[in-house]
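What follows is the residue order along each chain.
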Amino acid sequence: GDAGAEALARELRHAPSLQALNLGNNYIGDAGAEAVARELRHAPSLQALNLGDNDIGAAGAEGLARELRHAPSLQALNL
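I will try to describe carefully the structure that is included in this document.

Conventions we followed
- Residues numbered from 1 in each chain as written.
- Predicted model: local features only at pLDDT ≥ 70, side-chain atom pairs only at ≥ 80, totals over all residues.
- Heavy atoms only, no water.
- Helix = DSSP H or I, 4+ residues; strand = E, 2+ residues; numbered from the N terminus.
- Rg over C-alpha atoms; globule rule 2.2 N^0.38 Å.
- Buried < 20%, exposed > 50% of the residue type's maximum accessible area, 1.4 Å probe, protein only.
- Contact = heavy atoms within 4.5 Å.
- Salt bridge = Lys/Arg side-chain N within 4 Å of Asp/Glu carboxyl O.
- Axes fitted to C-alpha atoms, helices over the stretch in contact; angles between N-to-C directions.
- Parallel < 35°, antiparallel > 145°, perpendicular 65-115°, else oblique.
- Nonpolar A, V, L, I, M, F, W, Y, C, P; charged D, E, K, R; others polar.
- Core = buried A, V, L, I, M, F, W, Y, C linked by side-chain atoms within 4.5 Å.

In terms of helices and strands, the protein chain carries three helices and three strands. Along its sequence from the N terminus, the protein chain presents helices and strands in the succession α-β-α-β-α-β. Its C-alpha atoms give the protein chain a radius of gyration of 11 Å, near enough to 12 Å, the size a compact globule of 79 residues would have. Counting only C-alpha atoms and orienting by the principal axes, one finds that the protein chain spans roughly 25 × 20 × 15 Å. The proportion of buried residues among the 79 residues of the protein chain is 34%. In the protein chain, the share of contacts with a sequence separation of at least 24, taken over all contacts with a separation of at least 6, comes to 86%.

On to the pattern of salt bridges. Under the criterion given, the structure shown has two salt bridges. A salt bridge links Glu 39 to Arg 13, with the shortest nitrogen-to-oxygen separation between them at 2.8 Å. Highlighted residues: Glu 39 in helix H2 (residues 30-39) and Arg 13 in the loop between helix H1 (2-11) and strand E1 (20-22), separated in sequence by 26 residues. Take Glu 39: its relative accessible area is 13%, and that puts it in the buried class. On the accessibility criterion, Arg 13 (42% relative accessible area) is partly exposed. The closest approach of N and O atoms between Glu 67 and Arg 41, which form a salt bridge, is 3.0 Å. Of this pair, Glu 67 sits in helix H3 (residues 58-67) while Arg 41 is found in the loop between H2 and strand E2 (48-50), placing the two residues 26 residues apart along the sequence.

Contact geometry of H1 with H2 gives a least axis separation of 8 Å together with a crossing angle of 5 degrees. One element, H1, and the other, H2, form an angle in the roughly parallel class. Contacts between H1 and H2 pair Asp 2, Ala 5, Glu 6, Ala 9 and Arg 10 from the former with Asp 30, Ala 31, Gly 32, Ala 35, Val 36 and Glu 39 from the latter. Residue classes in the contact of H1 with H2 are distributed as five nonpolar, one polar and five charged.

Bringing the nonpolar core into the picture now. It is characteristic of soluble globular proteins that their nonpolar side chains tend to be buried jointly. Among the nonpolar cores identified, the biggest contains 17 residues, and Leu 21, Leu 23, Val 36, Leu 46, Leu 49, Leu 51 and Leu 64 are the most heavily contacted of them. Broken down by secondary-structure element, the contributors of at least two residues to this core are H1 and H2. If one sorts the elements of this core by residue count, H2 sits on top with four residues. Each residue touching Leu 46, except ones within four places of it in the same chain, is listed here: Leu 18, Gln 19, Ala 20, Leu 21, Leu 40, Ser 73 and Leu 74.

Okay, here's the thing in structure tokens:
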């Protein structure tokens, strides 16, 4: 859920070489998606982010879109 996504997002700053993150099917909503989005700047090597099969709506998608500029290596995004 959102609380788990927020906790995991805070840990991204300790994983700058992370290349793939699969958070699909975890009941993540807008708040969790926005938390992950805010921390993308700390994962510059991230190439694939899976947030599919969650409860992310327009606000969460917009939050991700705003922060994608901080994910220069991202090649695949699944919502």
